[in-house]
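An overview of the molecular structure
Listed below are the residues making up each chain.
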Amino acid sequence: MNPTLRQMRAFVALAKTGNFTLAAQSMHVTQSALSGLIKELEQTLGAKVVDRSTRRALLTDIGRELYPLFSQMIDDLDGALANVADHTQLKKGIVRIAAPQLLSCTLMPQAIAAYRALHPDIEVRLGDTAVESVIARVLSGEADFGIGPEREPAPPLDAQLLFEMPFALVFPKGHELEGQERISWKDVARYPLISLQGQFTERLLDDVHASLREVPVKPANEVTFMTTALAMAAAGLGVTVCMPYAAPLAALYGLVMRPLEAPVLSRRFFIYTRPGRSLSPAAESFIGFLQEFVAKAKD
């Protein structure tokens, strides 16, 4: 005994209107088609649900019992389908992002604002954190996806390349390096270097030493957040290196940003997601938008 959805919809429409013609019009079918659906329902149930008359269709005792049940089932189903449609049409949804603190206060707010202008009904939540904590937030499910640099060993996550950028040197205005046409890593070694803690800096220094064995580039001070390094550089306590996307923040600190050469070293940043887990339509939409936004920003 398994009534179909169309049979239940036909019965509810008939119960609401009490008229085969009006019920058929509400379902956009012919009157004979509606009558056929009611007959099929009665055959499936093995009981009459409607007493037919020349003017009205009256519910039987069984019909009166079934009407509120079928009506509620259809309302619940329609509500669930409407909710799914809102998500797929980006009229509803939440995107949770984990990103390093520096990226979170430079590139990401601009990207989120541009996305919200297109999809104002999507809520985007940005979790700013230390670089080393991005992966953990994705693995724990706190974030739908994370953005971070390449890691070794590779984390147990799916990774899509977001961008690759070369390192730049940051120093105060009026610094003696400002007059140089080009700045190399040998120049960096002449000044106190303020760097970030963790694998990000360790890999950078390994790359520098592999290319310039005779140049002793060693951090004079290691900090957790790039904003601290920039503030210290602005106070004249040394120089620091960072990604070019930090240019707006460096400018706020009154700092100069210049490309680093000999060698040119770069880092790749990825979008990290949990393997085997489907993203929500909103999260997928934001990732696609972010990739386009970053590509345009680089151009």
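Refer to the structure presented above.
A brief structural summary. Model, not experiment: these values are computed from the prediction. (Residues numbered from 1 in each chain as written. Predicted model: local features only at pLDDT ≥ 70, side-chain atom pairs only at ≥ 80, totals over all residues. Heavy atoms only, no water.)

**Structural notes on the packing of aromatic side chains**
Under the criterion given, the structure shown has nine aromatic pairs. Their ring planes at 15° and their centres at 4.9 Å tell us that F163 and F269 sit as a pair that is stacked. With F163 in strand β6 (residues 158–166) and F269 in strand β12 (residues 266–273), this pair connects stretches of sequence that are 106 residues apart. Just as F163 is buried, F269 falls in that class too. Both rings, one in Y245 and one in F269, keep their centres 5.9 Å apart while their planes meet at 90°; by these two values the pair is edge-to-face. Placement of the pair is Y245 in the loop between β10 (239–242) and α11 (247–252) and F269 in strand β12, with a sequence separation of 24 residues. Among the residues examined, F269 registers a relative accessible area of 2% and is labelled buried. Here a set of aromatic residues connected by ring pairs shows up, and it is made of Y115, F145, F286, F289 and F293. (Phe/Tyr/Trp six-rings, centres within 6.5 Å; stacked < 30°, edge-to-face > 60°. Helix = DSSP H or I, 4+ residues; strand = E, 2+ residues; numbered from the N terminus. Buried < 20%, exposed > 50% of the residue type's maximum accessible area, 1.4 Å probe, protein only.)

**Regarding unusual backbone geometry**
Positive phi outside glycine occurs at H28, with the angle close to 60°. Turning to its location among the elements, H28 is positioned in the loop between α2 (20–27) and α3 (31–45).

**Re the pattern of salt bridges**
On inspection of all chains with the given rule, the structure shows nine salt bridges. E42 is paired through a salt bridge with R52; the nearest N and O atoms lie 3.6 Å apart. With a gap of ten residues between them, E42 in helix α3 and R52 in strand β1 (residues 50–52) connect regions that are remote in the sequence. Judged by its relative accessible area of 12%, E42 is buried. On the basis of relative accessible area, R52 is assigned to the partly exposed category, the value being 37%. The partner of D51 in a salt bridge is K48, and the shortest N-O contact between them spans 3.7 Å. Judged by relative accessible area, which is 37%, D51 ranks as partly exposed. Each of E176, D187 and R190 takes part in salt bridges that share partners, so that together they form one network. (Salt bridge = Lys/Arg side-chain N within 4 Å of Asp/Glu carboxyl O.)

**Some remarks on helix α1 (residues 5–17)**
With 13 residues, α1 extends 18 Å between its outermost C-alpha atoms, agreeing within 8% with the 18 Å of an ideal straight helix rising 1.5 Å per residue. Every buried residue belonging to α1 is among Q7, M8, A10, F11, V12, A13 and L14, and all of these are buried. (Expected span 1.5 Å × (residues − 1).)

**As for the side chain of H175**
Assignment of secondary structure puts H175 in the loop between β7 (168–172) and α8 (185–188). Classification of H175 by relative accessible area gives buried; the value is 19%. Residues in contact with H175, not counting those within four places in the same chain, are Y191 and V239. (Contact = heavy atoms within 4.5 Å.)

Taken by themselves, the reported measurements are silent on function.
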